[in-house]
Amino acid sequence: MIRLIPKTNINFISRRKITYILSLIIFLASLLSIFLLRGLNYGVDFSGGTVLHLTFRAPIKTEDLRGILQKMGVKSATVQKYIEGYEFIIKIGPADYQRLANFSSDLLTMIKDYYPESEPEILKEETVGPRIGRELQRNTLIALILGIIGILIYVSFRFDFRFGTGAVLALIHDAVIATGFVSFFQIPVNVPVVAALLTIIGYSVNDSIVVSDRVRENLRKMRKDNFLEILNKSINETLSRTILTALTTILVTVILAIFGAAEIKDFAKIMTFGIIVGTYSSIFIVCALVFDWEKKSSPR
């Protein structure tokens, strides 16, 4: 296996107070953004409404589309460029969706009237009612809670309750900070975004398990060493693998963020940020929490 970092002997655990403070600041800032400052920008999947993916044979300006939507009396519309001048994604909220029964056909007619050379065409149309949106919100929350409980049970069964709790706290840390990123940049929360958050949780747990597994091996080999040395050695031994895995995954997500479709771009941006946070927590948070737990409970 290629080793990005040939051999390290970094005392990660002794620096845990610095990383605790850093994590706490970012964690609290994320909560502030989510619940008090910016909130979550729920997309059509969770709030209801309609999404239109339009294509044009001749280029049209974003301002022109916004002008037509204003003439239709649509106040909740967002217009997103997909391919400069030729493809756009238009979203309207549930109030306008209920008021304008023939929104898509009326929009096409007005565009043809004002810009006949553009020859607009609908590539994709999705409509979600407000009630279904609320059900999706509730079901997504239930899925997240059940997933976290399942992870806690699995990791506790495979290792012990200390590592299970450390892994779950790390994934909560990663998920909240990634959600804070979504809130701060007002990325529309839709199904791909939820998929990105769930993938980050899975990635975070996977990294935590790799480190925990190495700790378990070293606990058997290094019976005469203290717990601090075992934890540091385990993190250093898995450091090359952890960083290589993160970099190769980030390479893919960055390419998707640059060249992917509009919704995939959001997915890729969140994934890129989440992988960085997940890698950080697996190196600096999980074992540090287990060490502090060990210090306050019985000695090994």
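Here the structure is shown first, and the text comes after it.
A quick note: this is a predicted structure, and the numbers were derived from the prediction, not measured.

(A) Region of interest: the overall build of the protein. For the protein, the count of helices and strands is 11 helices and 4 strands. Across its three principal axes, the protein shows a C-alpha extent of roughly 80 × 40 × 30 Å. Expressed as a percentage of its 300 residues, the buried residues of the protein come to 46%. Partitioning the contacts of the protein with sequence separation of at least 6, the portion at a separation of at least 24 is 78%.

(B) How the structure looks around the packing of aromatic side chains. Evaluation of the coordinates by the stated rule reveals 8 aromatic pairs. Seen from their ring centres, Tyr-280 and Phe-284 are 5.4 Å apart, and the 35° between their planes marks the pair as tilted. Taken together, the residues span about one helical turn, with Tyr-280 and Phe-284 both in helix H10 (residues 262-284) at a distance of 4 residues. Assessed through its relative accessible area of 19%, Tyr-280 is described here as buried. Residue classification places Phe-284 among the partly exposed positions, given a relative accessible area of 25%.

(C) Summary view of the nonpolar core. Core analysis: the largest hydrophobic core is formed by 26 residues, its most contacted members being Ile-151, Val-155, Val-215, Leu-231, Ile-235 and Cys-287. Looking at this core, the elements that each hand over two or more residues are helix H6 (130-158), helix H7 (161-184), helix H8 (191-221), helix H9 (227-259) and helix H11 (286-296). The residues contacting Val-155, other than those within four sequence positions of it, are Asp-160, Phe-163, Gly-164, Ala-167, Val-205 and Ile-209. Val-74, Ile-90, Leu-107 and Met-110 belong to the second-largest nonpolar core, a separate cluster that totals 19 residues.

(D) Inspection of the pattern of salt bridges at higher detail. Applying the stated rule across the entire model yields 9 salt bridges. We note a salt bridge from Glu-217 to Arg-214, for which the minimum N-O separation is 3.7 Å. Taken together, the positions of Glu-217 and Arg-214, both in helix H8 and 3 residues apart, correspond to about one turn of that helix. The exposure class assigned to Glu-217 is partly exposed, which follows from its relative accessible area of 31%. Taking relative accessible area as the criterion, Arg-214 reaches 27% and is therefore assigned partly exposed.

(E) Summary view of the side chain of Glu-87. Mapped onto the secondary structure, Glu-87 falls in strand E3 (residues 87-92). Summary of buried charges: Glu-87 has no salt-bridge partner, and the nearest side chain of opposite charge, Lys-124, is 11 Å away. Polar contacts involving the side chain of Glu-87 include one to the side chain of His-53, which spans 2.9 Å. The residues touching Glu-87, leaving out its near neighbours within four places in the chain, are His-53, Leu-54, Thr-55, Gln-80, Lys-81, Tyr-82 and Leu-123.

(F) Quick look at the side chain of Thr-50. Tracing the chain through its elements places Thr-50 in strand E1 (residues 49-55). The class for Thr-50 is buried, based on a relative accessible area of 5%. Those residues in contact with Thr-50, other than ones at most four positions away along the chain, are Val-44, Ile-90, Lys-91, Ile-92, Tyr-97, Glu-125, Glu-126 and Thr-127.

(G) Just H9, in detail. With 33 residues, H9 should reach 48 Å at 1.5 Å per residue; the first-to-last C-alpha distance of 46 Å fits that figure. Maximal helix bending in H9 amounts to about 45°, located at Leu-239. Capping of H9 at its N-terminal end is provided by Asn-226; its side-chain oxygen lies 3.1 Å from the backbone amide nitrogen of Leu-228.

(H) Inspection of the environment of Gly-166 at higher detail. Following the sequence through the fold, Gly-166 ends up in helix H7. Here Gly-166 falls in the buried class, since its relative accessible area comes to 3%. Taking C-alpha positions, Gly-166 is 17 Å from Leu-219, a pair spaced 53 residues apart along the chain. Ignoring anything within four residues of it in the chain, the contact list for Gly-166 reads Val-286 and Leu-289.

Rules used in this analysis
- Residues numbered from 1 in each chain as written.
- Predicted model: local features only at pLDDT ≥ 70, side-chain atom pairs only at ≥ 80, totals over all residues.
- Heavy atoms only, no water.
- Helix = DSSP H or I, 4+ residues; strand = E, 2+ residues; numbered from the N terminus.
- Buried < 20%, exposed > 50% of the residue type's maximum accessible area, 1.4 Å probe, protein only.
- Contact = heavy atoms within 4.5 Å.
- Phe/Tyr/Trp six-rings, centres within 6.5 Å; stacked < 30°, edge-to-face > 60°.
- Core = buried A, V, L, I, M, F, W, Y, C linked by side-chain atoms within 4.5 Å.
- Salt bridge = Lys/Arg side-chain N within 4 Å of Asp/Glu carboxyl O.
- Lys, Arg positive; Asp, Glu negative; His and termini not counted.
- Polar contact = N/O pair within 3.5 Å; in protein donor to acceptor, adjacent residues only side chain to side chain.
- Expected span 1.5 Å × (residues − 1).
- Bend = angle between axes of the 7 residues up to and from the residue.

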